[in-house]
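Geometric and topological summary
Each chain is listed here by its residues.
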Amino acid sequence: MAKLYFQYATMNAGKTTMLLQASYNYRERGMTTMLFVAGHYRKGDTGLISSRIGLETEAEMFRDGDDLFARVAEHHDHTTVHCVFVDEAQFLEEEQAWQLARIADRLDIPVMCYGLRTDFQGKLFSGSRALLAMADDLREVRTICRCGRKATMVVRLGADGKVARQGEQVAIGKDVYVSLCRHWEEMGRAAPDDFIGFTKA
């Protein structure tokens, strides 16, 4: 029976690279995959999943209110879908997470979700909360903090280099996100000089 998977991590842990590699493995064997990426902050109708190391592929976008079960079921009626991949799964609505579960349960298609667990304030994203509750298989993609500990938190540095403690949950622009262990995230409530070396000049 197909399963719903959620692979989560902090920023820059290689989640997207893993997604693209897994999809490539299916396609290399003559199988069809269906890829989704959040369209909340993108313009136009063409989605793109791209990794830091230069790998990229086109994908369908999902936005609030989209019925992912219906979209996959319709595509599956014409072309057999062997696996569904979702990047930036933290932006899913709770109902959309349930729709992905139905894809696994009713259509017998594995669904692989990749995303962040928490935001820059240490709070769960809505999609991540739902997936943590219902996914059949949870996998943590690990990356490290500057100090060598496992990174589990994310902080947002504004254009001034200081740690942001308030603001919208999603901000795409000049802000920089840094992955840290819990100790350094807590230290982020102190001097911003502690973060020298975390980001490129």
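Residues numbered from 1 in each chain as written. Predicted model: local features only at pLDDT ≥ 70, side-chain atom pairs only at ≥ 80, totals over all residues. Heavy atoms only, no water.

**Side note on the sheet that holds strand β5 (residues 83-87)**
Taken together, seven strands build an open sheet; the order of strands is β3-β4-β2-β5-β6-β1-β7 and the sheet is mixed. In the strand order of this sheet, the two ends are held by β3 (47-50) and β7 (137-140), each with one partner. Here the average twist between neighbouring strands, direction ignored, is 30°. Note: strand β1 (residues 4-9) against β7, four bridges, orientation parallel. Bridging from a neighbouring strand, F6 pairs with L138 of β7. Along the sheet, helix α1 (residues 15-28) contacts β1, β2 (33-38), β3, β4 (56-62), β5 and β6 (111-116); its crossing angle with β5, the most-contacted strand, is approximately 160°. (Pairing = 2+ DSSP bridges. Helix = DSSP H or I, 4+ residues; strand = E, 2+ residues; numbered from the N terminus. Axes fitted to C-alpha atoms, helices over the stretch in contact; angles between N-to-C directions. Contact = heavy atoms within 4.5 Å.)

**Points about the nonpolar core**
In this structure, L4, V84, V86, L100 and C113 are the most contacted members of the largest nonpolar core, which totals 30 residues. Counting residues per element, the ones that place at least two in this core are β1, β2, α2 (68-78), β5, α3 (94-106), β6 and α4 (126-134). Counting 13 residues, the second-largest nonpolar core is a separate cluster that includes L19, C83, F85 and Y114. (Core = buried A, V, L, I, M, F, W, Y, C linked by side-chain atoms within 4.5 Å. Buried < 20%, exposed > 50% of the residue type's maximum accessible area, 1.4 Å probe, protein only.)

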